[in-house]
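Listed below are the residues making up each chain.
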Amino acid sequence: MNDVVTIGDAMITLDPSSTGPMRFVSSFERKIGGAELNFAIGCARLGLKTGWISRLGNDEFGRHIFNTVRGEGVDVSEVELVDGYPTSLNFKEIMGDGSSRTFYYRDRSPTTVLTKETLNEDFLKNTKILHITGVFPAVDKTKNIELIRHAIIEAKKHGVMVSCDPNIRLKLWSEDEARDVLRSFLPYVDILLTGIEEADLLFGTSDTDEIIEHCKQFGITHLAIKKGEEGSVGYVDGEYVEAPAVKAKKVVDTVGAGDGFDAGFIYGILQNWPLKKALHFANIIGSMVVSVTGDNEGLPYLEDVLVQLGEKERVER
Ligand code: KDG
């Protein structure tokens, strides 16, 4: 049985070798990325039994992603390499302050061949948590939305908790599309892990009390709101907690920080930690991700976080 399973698209990420506008960048480093994939790697590094449902192109890039994810210890038994759909690409532009823009080449993502008929129901049922994000449904606004809707309904039927990070990518769909689709998922969601701007888009307010009220109406039992430099707040079982941000040593690349936060928070929930501890742990992971270039290279192993928490000593040399 897995602890957590996620369904998502992955891409070869081309990281610029210099900062500044992409039109002036002449070389890129080949890495990998994708919100759900980053989350899966983050969970696996923390020691959670993690499964990833996906499709990759039957090409060199697809093989590279598959082998890397398998090497991270993620269960890839529901990942297939398919003919006729090239593995997607994502070129990144990174500015001097660590902020970034992405340029997708993912119109014919191999994941568009995933259908509810190809979904292995046993894999879906045999997990404690199913994690979804707003990226995968936006990649194919008919098939993928239908697939996720089916998956979350099935998960709930079998007592699997559903967690959701809206991860709204306006390069993939409009605000209205994102709001309509994601709100239609919310009645099946138990754990909502959202950025404050995304909560505003979903609920029409950035007031924490009002967001909590909206979540209660949808039956969401666990809420974490990511507020960047202001840290995060959480609401679980009537308890409201604020957790200050953990300052990163140096911010070099902010992409993937939210996925790292999600992995940390889910880890905390699965350990039955108090909310404050889960939020702090998740904040630490977010801060570790932004200090390393790449969408998932900065995701820590459990031991790395324990060192940051002062719960474990590390002998440097
Ligand atoms: O959350 C980070 C991801 O979004 C990144 O790794 C790739 O832009 C990306 C996407 O759409 O998944």
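Residues numbered from 1 in each chain as written. Predicted model: local features only at pLDDT ≥ 70, side-chain atom pairs only at ≥ 80, totals over all residues. Heavy atoms only, no water.

> Got a minute to help me understand the site of the ligand in this structure?
Taken together, 14 residues form the shell around the ligand, and within it Tyr104, Arg106, Arg169, Asp259 and Asp295 come nearest. Note that an oxygen atom of the ligand is positioned 3.0 Å from one of the backbone N or O atoms of Ala35. Within the side chain of Asp259, a nitrogen or oxygen atom sits 2.7 Å from an oxygen atom of the ligand. Burial of the ligand by the protein amounts to 96% of the accessible area it has alone, namely 320 Å². Using a 2 Å cut-off from the grid points, one finds that the ligand occupies the largest pocket. When its residues are assigned to classes, the shell around the ligand shows 5 nonpolar, 5 polar and 4 charged. (Near = heavy atom within 4 Å. Polar contact = N/O pair within 3.5 Å; in protein donor to acceptor, adjacent residues only side chain to side chain. Areas by Shrake-Rupley, 256 points an atom, 1.4 Å probe, with all protein chains shown as cover. 1 Å grid on protein atoms, 1.4 Å probe; cavity = no way out; pocket = protein on both sides within 12 Å on 5 of 7 lines; lining within 4 Å. Sits in = over half its atoms within 2 Å of the grid points. Nonpolar A, V, L, I, M, F, W, Y, C, P; charged D, E, K, R; others polar.)

> How do you make sense of the side chain of Glu72 when you look at a structure like this?
Structurally, Glu72 can be placed in the loop between α2 (60-71) and β5 (79-82). There is a polar contact of 2.7 Å between the side chain of Glu72 and the side chain of Arg45. When residues no more than four places from it in sequence are discounted, the contact partners of Glu72 are Ile41, Ala44, Arg45 and Tyr301. (Helix = DSSP H or I, 4+ residues; strand = E, 2+ residues; numbered from the N terminus. Contact = heavy atoms within 4.5 Å.)

> In this structure, what is going on with the layout of surface pockets? I would like to understand it.
Computed from the structure, the largest pocket encloses a volume of approximately 1,600 Å³. If you trace the largest pocket, you find 47 residues lining it, with Gly228, Thr254, Val255, Ala257 and Gly258 closest to the centre. At the level of elements, α1 (35-46), β7 (100-105), α7 (196-203), α9 (257-270) and α10 (275-290) are the ones that each hand at least two residues to the lining of the largest pocket. In terms of residue class, the lining of the largest pocket is built from 17 nonpolar, 16 polar and 14 charged. Quantified by volume, the second largest pocket comes out at close to 300 Å³. In this structure, the second largest pocket is lined by 17 residues; those nearest its centre are Lys249, Ser287, Met288, Ser291 and Gln308. Taken together, the elements giving at least two residues each to the lining of the second largest pocket come down to α10 and α11 (302-309). (Points joined across faces, edges and corners; volume = space filled by probe spheres on them.)

> What am I meant to see in the sheet that holds β7 here?
Within a sheet, neighbouring strands are paired by backbone hydrogen bonds and run either parallel or antiparallel to one another. With respect to topology, 4 strands assemble into an open sheet ordered β3-β2-β6-β7, the strand pairing being mixed. Taken across any chain shown, the strands that pair with only one partner, and hence form the sheet edges, are β3 (28-33) and β7. For this sheet, the mean angle separating the axes of adjacent strands, direction not counted, is 25°. In the sheet, strand β2 (residues 11-16) pairs with strand β6 (residues 88-94) via 4 bridges, with the strands oriented parallel. Among the inter-strand pairings, Met11 is bridged to a residue of β6, identified as Ser88. (Pairing = 2+ DSSP bridges. Axes fitted to C-alpha atoms, helices over the stretch in contact; angles between N-to-C directions.)

> When you look at the environment of Asn90 in this model, what are you seeing that I'm missing?
Among the structural elements, Asn90 can be located in strand β6. Sequence separation between Asn90 and Arg30 is 60 residues, and the spatial gap between their C-alpha atoms is 9.9 Å. Excluding its chain neighbours within four sequence positions, the residues that come into contact with Asn90 are Met11, Ile12, Thr13, Leu14, Thr102, Phe103, Tyr104 and Asp295.

> How should I be thinking about helix α6 (residues 175-185) in this particular structure?
A turn of α-helix holds 3.6 residues, and therefore any two residues three or four places apart point the same way. By the burial criterion, the buried members of α6 are Ala178, Val181, Leu182 and Phe185. All buried residues of α6 project into a common sector of 95° when viewed along the axis, lining one side. On its buried side, α6 packs onto β8 (127-133), α4 (135-139), α5 (143-157) and α7. (Buried < 20%, exposed > 50% of the residue type's maximum accessible area, 1.4 Å probe, protein only. Arc of directions from axis to C-beta.)

> What is the right way to read α2 from this model?
For α2, with 12 residues, the first-to-last C-alpha span of 16 Å sits near the 16 Å given by 1.5 Å per residue. Along α2, the positions that sit buried rather than exposed are Gly62, Ile65, Phe66 and Val69. With its buried residues spanning 100° around the axis, α2 presents them on a single face. Residues Glu60 and Gly71 are exposed on α2 and point more than 90 degrees away from its buried face. Buried residues along α2 sit against β2, β3, α1, β4 (50-57) and β5. (Expected span 1.5 Å × (residues − 1).)

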